[in-house]
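Residue-level structural notes
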Amino acid sequence: MHFQTRTTCYRLSLLVLSIPLAAAQETRPEVPYVPTTDEAVQAMLKLADVKKTDVVYDLGCGDGRIVIAAAKTYGAHGVGIDINPQRIHEAKENAKKAGVEDLVRFEENDLFKADIHEASVVTLFLLQTVNLRLRPKLLKELKPGTRIVSNTFDMGDWKPDKEESLKGEDDDFGGGLSHKFFLWIVRRHDEK
């Protein structure tokens, strides 16, 4: 009986200790939160040639500003995905304040696990290492013709279809962030 009690206590202790560790590993963002500037948001949506018929997905959506702008400016539907519950809460509040909660939704999820197949436009402001890891998922799950726009970071040897830059009074502002944008258009799987 004493052995069973010790074993049960030991198992319970392991379970209690493992829960916070597992939760911390699941929800820890790989990319620091750096809000996209308003000018960069507009430049990204323009580069993607967003239309009312588009479904814009923002992977690592932060406070939701890109999908909210797509809804407000173009009437597009949007989905923001972020692993941080605080950012998702902010995004939902921001959508409500902007009056576009009927056009956008926000999902607390790991961008590598999220279902993105409905997207016709995908926006990113991630690190290049994350973009490179995400690239196979984008190519596998997105339909041909889907536009992908990345703020600041490219995807290595996958050459963009188009690049644009914002020029400002101080091109060094923000350490070079939110000044350069890359557009890729997903091709058919048999197309190079």
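Use the structure listed above.
Below is a short write-up of the structure. From a predicted model like this one, the values you see are computed outputs, not experimental measurements.

1. Some remarks on the overall build of the chain
On a plain count of helices and strands, the chain comes out with five helices and seven strands. Counting from the amino terminus, the chain carries its helices and strands in the arrangement α-α-β-α-β-α-β-β-α-β-β-β. Put simply, 71% of the contacts in the chain that link residues at least 6 apart link residues at least 24 apart. Carbon together with sulfur atoms contributes 55% to the accessible area of the chain, which is approximately 11400 Å² in total.

2. Things to note about helix 4 (residues 85-98)
Here helix 4 is 14 residues long and its end C-alpha atoms lie 20 Å apart, about the 20 Å a rise of 1.5 Å per residue gives. Burial in helix 4 covers these residues: Arg 87, Ile 88, Ala 91 and Ala 95. Buried residues of helix 4, seen end-on, are gathered within an arc of 100° and therefore sit on one face of the element. Seen from the buried face of helix 4, the exposed residues on the opposite side, beyond 90 degrees, are Lys 96 and Lys 97. Buried positions along helix 4 lie against helix 3 (65-74), strand 2 (77-82) and strand 3 (104-108). Measuring from the backbone nitrogen of Gln 86 back to the side-chain oxygen at the start of helix 4 gives 2.8 Å, which picks out Asn 84 as the cap. Phi turns positive, to about 75°, at Gly 99, one or two residues after helix 4.

3. Section: the pattern of salt bridges
Within this structure, the stated rule accounts for 10 salt bridges. Glu 107 is paired through a salt bridge with Arg 105; the nearest N and O atoms lie 3.1 Å apart. A residue is classified by how much of its surface remains accessible, and Glu 107, at 18% relative accessible area, is buried. The class for Arg 105 is partly exposed, based on a relative accessible area of 41%.

4. Description of the sheet that holds strand 5 (residues 147-151)
The pairing of strands in a sheet happens through backbone hydrogen bonds and is either parallel or antiparallel. Taking strand neighbours across the sheet as the criterion, the seven strands line up as 3-2-1-4-5-7-6 in an open arrangement whose pairing is mixed. In this open sheet, the two edge strands, each paired with only one partner strand, are strand 3 and strand 6 (162-165). For this sheet, the mean angle separating the axes of adjacent strands, direction not counted, is 15°. When strand 6 meets strand 7 (residues 180-185), the two strands line up antiparallel, connected through four bridges. Note that in strand 7 the partner of Ser 165 across the bridge is Lys 180.

5. Things to note about unusual backbone geometry
Even without being glycine, Thr 152 reaches a positive phi, approximately 80°. When you line up the elements, Thr 152 lands in the loop between strand 5 and strand 6. For Thr 152, a relative accessible area of 17% corresponds to the buried category. For Ser 178, which is not glycine, the phi dihedral falls at a positive 60°. With respect to the helices and strands, Ser 178 occurs in the loop between strand 6 and strand 7. On the accessibility criterion, Ser 178 (6% relative accessible area) is buried.

6. Quick word on helix 3
All of the buried residues in helix 3 are Ile 66, Val 67, Ile 68, Ala 69, Ala 70 and Ala 71. Against helix 2 (38-47), strand 1 (55-59), strand 2, helix 4, strand 3 and strand 4 (121-124) lie the buried residues of helix 3. With its phi angle positive at about 75°, Gly 75 sits one or two positions after the end of helix 3.

7. Quick word on the pairing of strand 2
Most of strand 2 sits inside the fold, with five of its six residues counted as buried. Examined bridge by bridge, strand 1 and strand 2 share five bridges and lie parallel to one another. Bridge assignment links Val 56 to a residue of strand 2, and that residue is Gly 78. Handedness of the crossover joining strand 1 and strand 2 through helix 3 is recorded here as right-handed. Note that strand 2 and strand 3 share five bridges and pair parallel. Of the residues in strand 3, the one forming a bridge with Asp 82 is Glu 108.

Cut-offs used in this document
- Residues numbered from 1 in each chain as written.
- Predicted model: local features only at pLDDT ≥ 70, side-chain atom pairs only at ≥ 80, totals over all residues.
- Heavy atoms only, no water.
- Helix = DSSP H or I, 4+ residues; strand = E, 2+ residues; numbered from the N terminus.
- Contact = heavy atoms within 4.5 Å.
- Areas by Shrake-Rupley, 256 points an atom, 1.4 Å probe, with all protein chains shown as cover.
- Expected span 1.5 Å × (residues − 1).
- Buried < 20%, exposed > 50% of the residue type's maximum accessible area, 1.4 Å probe, protein only.
- Arc of directions from axis to C-beta.
- Polar contact = N/O pair within 3.5 Å; in protein donor to acceptor, adjacent residues only side chain to side chain.
- Salt bridge = Lys/Arg side-chain N within 4 Å of Asp/Glu carboxyl O.
- Pairing = 2+ DSSP bridges.
- Axes fitted to C-alpha atoms, helices over the stretch in contact; angles between N-to-C directions.
- Right-handed = clockwise from strand over helix to strand, strands pointing away.

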